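# Structure at a glance
So the chains spell out like this:
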Amino acid sequence: MRLKEYLDDMKPDFHKLYGGKYGFESFQSEAHMDLTMDAAVKYIQKLAMSGKLKEIQNMATQGATAVQDSPYYQELLQAVVQNYYGLDWENQKKQHLAQDILVFMLDGLKHRFQAGGYSMDQKGVMDFLGIDMGILGKVGGMFGKFFG
């Protein structure tokens, strides 16, 4: 999945923009980006497996502002906050950190998507993210038989 590559490239910029706000050293910013990325990738895979390709498309192409009222964004935000289990901050501060990182990531993905010239349809988004639609359809169909 190319998503991880894109997000890895963004780590230094996140620290420049938000490291001071949270009192992070560079390695701490990277660690929290990794925790956020792990939760986000798992959540996106869950969406893909359940056939929610439109939701993935919106997150990858529209940026954070366009999707922040979506129930899927709210679920993603909570998944990220739960992934900060080792951080002994109050939940509200964890939520602010998760929001800042997700806004940064989603807006960065939107920029990369647009700069890459991908088509705005599901195929373009799946190509951008590096997800094989053929395999996704087969696996999604298999899960649908068991859980449908």
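Residues numbered from 1 in each chain as written. Predicted model: local features only at pLDDT ≥ 70, side-chain atom pairs only at ≥ 80, totals over all residues. Heavy atoms only, no water.

## Digging into the confidence of the model for the chain
Averaged over every residue, the pLDDT of the chain is 84; the share at 70 or more is 88%. Within the model, pLDDT remains below 50 along residues 138–148, and this stretch shows 4 contacts once partners closer than five positions in the same chain are excluded. (pLDDT = per-residue confidence, 0-100. Contact = heavy atoms within 4.5 Å.)

## Digging into the nonpolar core
Grouped burial of nonpolar side chains is what soluble globular proteins tend to show. The biggest cluster of nonpolar side chains holds 45 residues, and the ones touching the most others in it are Ile56 and Leu97. In this structure, Leu97 is in contact with Phe14, Tyr22, Phe24, His32, Tyr84, Leu87 and Trp89, ignoring residues within four places of it in sequence. (Core = buried A, V, L, I, M, F, W, Y, C linked by side-chain atoms within 4.5 Å. Buried < 20%, exposed > 50% of the residue type's maximum accessible area, 1.4 Å probe, protein only.)

## Focus: the environment of Leu7
Within the secondary structure, Leu7 is located in helix α1 (residues 2–22). Here the alpha-carbon distance between Leu7 and Leu109, two residues 102 residues apart in the chain, equals 7.9 Å. Ignoring any residue separated from it by four or fewer positions in sequence, one finds Leu7 in contact with Met33, Met37, Met105 and Leu109. (Helix = DSSP H or I, 4+ residues; strand = E, 2+ residues; numbered from the N terminus.)

## Comments concerning helix α6 (residues 122–129)
Buried within α6 are the following residues: Gly124, Val125, Met126, Phe128 and Leu129. One or two residues past the end of α6 sits Gly130, with phi positive at roughly 80°.

## As for the packing of aromatic side chains
Given two aromatic rings, their pairing is described by the distance between the two centres and the angle made by the two planes. For the coordinates displayed, the defined rule picks out 10 aromatic pairs. Between Phe24 and Trp89, the aromatic rings sit 5.8 Å apart at their centres with planes inclined by 10°, giving stacked as the arrangement. Here Phe24, found in the loop between α1 and α2 (26–49), pairs with Trp89, found in the loop between α4 (71–83) and α5 (91–116); they are 65 residues apart in sequence, far enough to count as distant. Judged by its relative accessible area of 9%, Phe24 is buried. Relative to Phe128, the ring of Tyr118 has its centre 5.2 Å away and its plane inclined at 70°; by these criteria the two rings are edge-to-face. Residue Tyr118 is found in the loop between α5 and α6, and its partner Phe128 is found in helix α6; the two are separated by 10 residues along the sequence. Given the relative accessible area of 30%, Tyr118 is considered partly exposed. A cation over a ring is seen here: Lys93 above Trp89, with NZ or CZ 4.3 Å from the ring centre. (Phe/Tyr/Trp six-rings, centres within 6.5 Å; stacked < 30°, edge-to-face > 60°. Lys NZ or Arg CZ within 6 Å of the ring centre and 35° of its normal.)

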